[in-house]
Amino acid sequence: MAYLLALDQGTTSSRAIIFDEQGGIVNVAQKEFTQIYPQAGWVEHDPGEIWSSQLSVTVEALASARIAPDAVAAIGITNQRETTLVWDRKTGEPVYNAIVWQDRRTAGFCDQLRRDGVEPEVQARSGLLLDPYFSGTKLRWILDNVPGARQRAEAGELAFGTVDTWLIWNLTRGAVHATDPSNASRTMLYNIRTGEWDDELLRILGVPRAVLPVVRPSSGSFGATSHENMPGHIMVAGVAGDQQAALFGQACFTPGVTKNTYGTGCFMLMQTGTTPVASTNRLLTTVAWNTGGATEYALEGSVFIGGAVVQWLRDGLKIIRTAPEIEELAASVPDNGGVYLVPAFAGLGAPHWDAYARGAMLGLTRGVTSAHIARAALESIAFQVADLVSAMEADSGIRLEELRVDGGASKNNLLLQFQADLLGVPVIRPQVTETTALGAAYLAGLATGVYGSRGVIASQWKEDRRFVPSMAKEQAAEMRAKWTRAVARARHWEEA
Ligand SMILES: Nc1ncnc2c1ncn2[C@@H]1O[C@H](COP(=O)(O)OP(=O)(O)O)[C@@H](O)[C@H]1O
Ligand SMILES: O=P(O)(O)OC[C@H](O)CO
């Protein structure tokens, strides 16, 4: 029996999951780590803690499962995307904290680039829109604000990486400075059509080529582990950003097949095959993965606050004690009582891309209770996802037949039923909802011959539960119209 080890380095925790060849979970180890908020709108992680938490869960997962390293066929890495790190090539010392994808500090620079009229060029080359979300403006910020960083970068002394690159560097003790096309496509420095770092984008963003990692296929060798605390020498053979890995783990291998992950944020990806589909509806065109020499693409809608709105009810409003409690509270009322909650706590992502929007709650009357607010919070997740589906159908010309779902909040049956009601198509939850880690394991398993083909992987995908639409179409349309009005009121709040 060969095992595959997936390292899933997420925004709030590092996890290591061991899978067997059938895609079954053998063992999981997980560790949360510190979120650093130096100022309003800034979010950082300690690079040392990203690495140490990931290393410790990896060692723990292997030890407690009593699996010898030589029984592990390969490691797959998957990671929070866009988060930006810069370190010294000689010492491996970071020059600054990791700037997290949620960080908004470069909003002003993005505004300036938009005024300069470069957005169409940026979109054509990178598939992305001008927003602080992506790595490019964060990297520039580090180079411009850490004393001496720009000169050292130009002299070739510094290395840039997203989290995958940082983990590979540490696992191989600095021998490999590499990323994969799915992660590269989130930097705003990479041309998704040529499959290379793009000189024009580097010029626009003021980034010297000398800091960039090598881009290798998502399924293939990234070197063997050689860290003193890591048992054995295991090949890193699969790398993908977490949302693309989830698309792979959900076996979305044919154009039009779509998944949505309900985690901290919501990320919907539609596989579009070997041709990148340019978006005219403010979605992102992104690399899904590169396997077997071919690059495949996806359309993506990214929503910044998904399950995080449930955390806000728990930690901010304190109307629930645990996230799952929201389901019972929301189900204790027959409807939202007229309440619409727009969780624009970190601005709005796709399809609005409004860094200045802020949260809003509308329709409050004296009859409103915490149960209505709980219901409105869950519904807000589904409304945002429905907006993504509309944009995706318009961009791709493909009518969605079903939606595959995963992520922490996909355990919530009320949410998924409402999602199916709004979309008018079945929403399907698979048996294994750890699809992100599973996707990374599959990419590693394909590279090392554990799986002979994608067909074997697709046959492992099993349905857990199917949510079928039951709401009248007119009612769904009426609710969506109200939601759209609520969103309009939340927009541009900070500028007002
Ligand atoms: N039963 C539930 N109902 C609604 N939301 C939930 C439930 N369980 C977890 N969540 C939400 O799911 C999110 C965690 O999902 P996860 O996929 O682990 O996120 P991430 O990978 O982004 O850290 C949290 O924001 C949490 O509030
Ligand atoms: O770590 P997650 O699961 O919240 O995912 C973060 C995304 O990759 C950000 O683009």
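Residues numbered from 1 in each chain as written. Chains lettered and ligands numbered in written order. Predicted model: local features only at pLDDT ≥ 70, side-chain atom pairs only at ≥ 80, totals over all residues. Heavy atoms only, no water.

Labelled according to an unreviewed UniProt entry, the chain appears under the name Glycerol kinase, originating from Paludibaculum fermentans. A UniProt comment under Function (unreviewed entry) is attached to the chain, and it reads "Key enzyme in the regulation of glycerol uptake and metabolism. Catalyzes the phosphorylation of glycerol to yield sn-glycerol 3-phosphate." Under the UniProt heading Pathway (unreviewed entry), the entry covering the chain gives this text: "Polyol metabolism; glycerol degradation via glycerol kinase pathway; sn-glycerol 3-phosphate from glycerol: step 1/1." (UniProt positions renumbered as here; feature names shortened; annotations may be inferred.)

A. Expanded view of the site of ligand 1. The full set close to ligand 1 counts 14 residues, and Thr12, Thr264, Gly307, Gly408 and Asn412 are the nearest of them. Gln311 places a polar side-chain atom, nitrogen or oxygen, 3.3 Å from an oxygen atom of ligand 1. With three residues, the single largest contributor to the shell around ligand 1 is helix H10 (residues 308–316). (Near = heavy atom within 4 Å. Polar contact = N/O pair within 3.5 Å; in protein donor to acceptor, adjacent residues only side chain to side chain. Helix = DSSP H or I, 4+ residues; strand = E, 2+ residues; numbered from the N terminus.)

B. Quick look at the sheet that holds strand S15 (residues 266–273). Spatial strand order, S16-S17-S15-S14-S20-S21-S22: seven strands in an open sheet with mixed pairing. Looking at which strands have only one partner, the edges of the open sheet turn out to be strand S16 (284–291) and strand S22 (463–467). Geometrically, the sheet is characterised by an average inter-axis angle of 30 degrees between neighbouring strands, direction not taken into account. Two elements, S16 and strand S17 (residues 294–303), share seven bridges in a ladder whose sense is antiparallel. Paired with Val287 across the bridge in S17 is Tyr297. In this fold helix H9 (residues 242–249) packs onto strand S14 (258–262), S15, S16, S17 and strand S20 (403–406), with an angle of close to 60 degrees to the strand it touches most, S16. Relative to the sheet, helix H12 (residues 370–396) contacts S14, S15, S17 and S20, its axis offset from that of S17 by approximately 140 degrees. (Pairing = 2+ DSSP bridges. Axes fitted to C-alpha atoms, helices over the stretch in contact; angles between N-to-C directions. Contact = heavy atoms within 4.5 Å.)

C. Examining the pairing of strand S5 (residues 72–79) more closely. Counting buried residues in S5 gives seven out of eight residues, a clear majority hidden from the surface. Looking at chain direction, strand S1 (residues 3–9) and S5 are connected through seven bridges and run parallel. Along S5, the bridge assignment pairs Ala6 with Gly76. Here five bridges tie S5 to strand S13 (residues 236–241), and the two strands are oriented parallel to one another. Residue pairing across strands places Asn79 opposite Gly241, the latter belonging to S13. (Buried < 20%, exposed > 50% of the residue type's maximum accessible area, 1.4 Å probe, protein only.)

D. View of the UniProt feature "binding site: glycerol" (unreviewed entry) in the chain. UniProt feature "binding site: glycerol" (unreviewed entry): in the numbering of this structure it lies at Arg81, Glu82, Tyr133, Asp242 and Gln243. Mapped onto the elements of the fold, Glu82 is located in the loop between S5 and strand S6 (85–88). For Glu82, the contacting residues outside a window of four places in its chain are Ile99, Trp101, Tyr133, Phe134, Ser135, Lys138, Thr162 and Arg186. Turning to its location among the elements, Tyr133 is positioned in the loop between helix H3 (119–126) and helix H4 (135–145). With residues up to four places along the chain from it excluded, the contact list for Tyr133 reads Arg81, Glu82, Trp101, Arg104, Lys138, Arg186, Phe267, Leu284, Glu300, Ser302, Phe304 and Trp353. Looking at Tyr133, its side chain comes within polar contact range of the side chain of Arg81, at 3.2 Å.

E. Inspection of H3 at higher detail. Within the span of H3, buried status applies to Glu119, Val122 and Ser126. Taken end-on, H3 shows its buried residues confined to a sector of 65 degrees, consistent with a single buried face. Taken from the residues just after H3, Gly127 is the one with a positive phi, measuring 80 degrees. (Arc of directions from axis to C-beta.)

F. Looking closely at the pattern of salt bridges. Tallying each qualifying case throughout the model produces 32 salt bridges. The shortest N-O distance in the salt bridge between Arg125 and Glu121 comes to 2.5 Å. Of this pair, Arg125 and Glu121 are both found in helix H3, four residues apart, which corresponds to roughly one turn of the helix. For Arg321, the salt bridge is made with Glu325, and the minimal N-O distance between the two is 3.2 Å. According to the relative accessible area criterion, Glu325 is partly exposed, its value standing at 24%. Residues participating in the shared-partner salt-bridge network are Arg81, Glu82, Arg186, Asp242 and Glu300. (Salt bridge = Lys/Arg side-chain N within 4 Å of Asp/Glu carboxyl O.)

G. Representation of empty space enclosed by the protein. Evaluated as defined, the whole model comprises one cavity of 30 Å³ or more. In this model, the largest cavity occupies a volume close to 110 Å³. Sorting the residues of the lining of the largest cavity by element identifies H12 and helix H16 (473–490) as the ones contributing at least two each. The class makeup of the residues in the lining of the largest cavity is 10 nonpolar, four polar and one charged. (1 Å grid on protein atoms, 1.4 Å probe; cavity = no way out; pocket = protein on both sides within 12 Å on 5 of 7 lines; lining within 4 Å. Points joined across faces, edges and corners; volume = space filled by probe spheres on them. Nonpolar A, V, L, I, M, F, W, Y, C, P; charged D, E, K, R; others polar.)

H. Quick peek at the UniProt feature "binding site: sn-glycerol 3-phosphate" (unreviewed entry) in the chain. UniProt records the feature "binding site: sn-glycerol 3-phosphate" (unreviewed entry) for Thr11, Arg81, Glu82, Tyr133 and Asp242 in the present numbering. With respect to the secondary-structure elements, Arg81 resides in the loop between S5 and S6. We classify Arg81 as buried; its relative accessible area is 2%. When near neighbours in sequence (up to four residues on either side) are disregarded, Arg81 contacts Trp101, Tyr133, Asn183, Arg186, Gly241, Asp242, Gln243, Gln244, Phe267 and Glu300. Given a relative accessible area of 1%, Glu82 falls into the buried group.

I. Focus on the site of ligand 2. Taken together, Gly10, Thr11, Gln80, Arg81, Glu82, Trp101, Tyr133, Asp242, Gln243, Thr264 and Phe267 are the residues near ligand 2. Residue Arg81 places a side-chain N or O atom 3.0 Å away from an oxygen atom belonging to ligand 2. Note that an oxygen atom of ligand 2 is positioned 2.7 Å from one of the side-chain N or O atoms of Glu82. Relative to its unbound accessible area of 310 Å², ligand 2 is 89% covered by the protein chains. Here the shell around ligand 2 is built from residues that sort into three nonpolar, five polar and three charged. (Areas by Shrake-Rupley, 256 points an atom, 1.4 Å probe, with all protein chains shown as cover.)

J. Fine view of the side chain of Gln54. Within the fold, Gln54 resides in helix H1 (residues 47–65). Those residues in contact with Gln54 that sit more than four places away from it in its chain are Leu7, Asp8, Gln9, Ser14, Arg15, Ala16 and Leu167.

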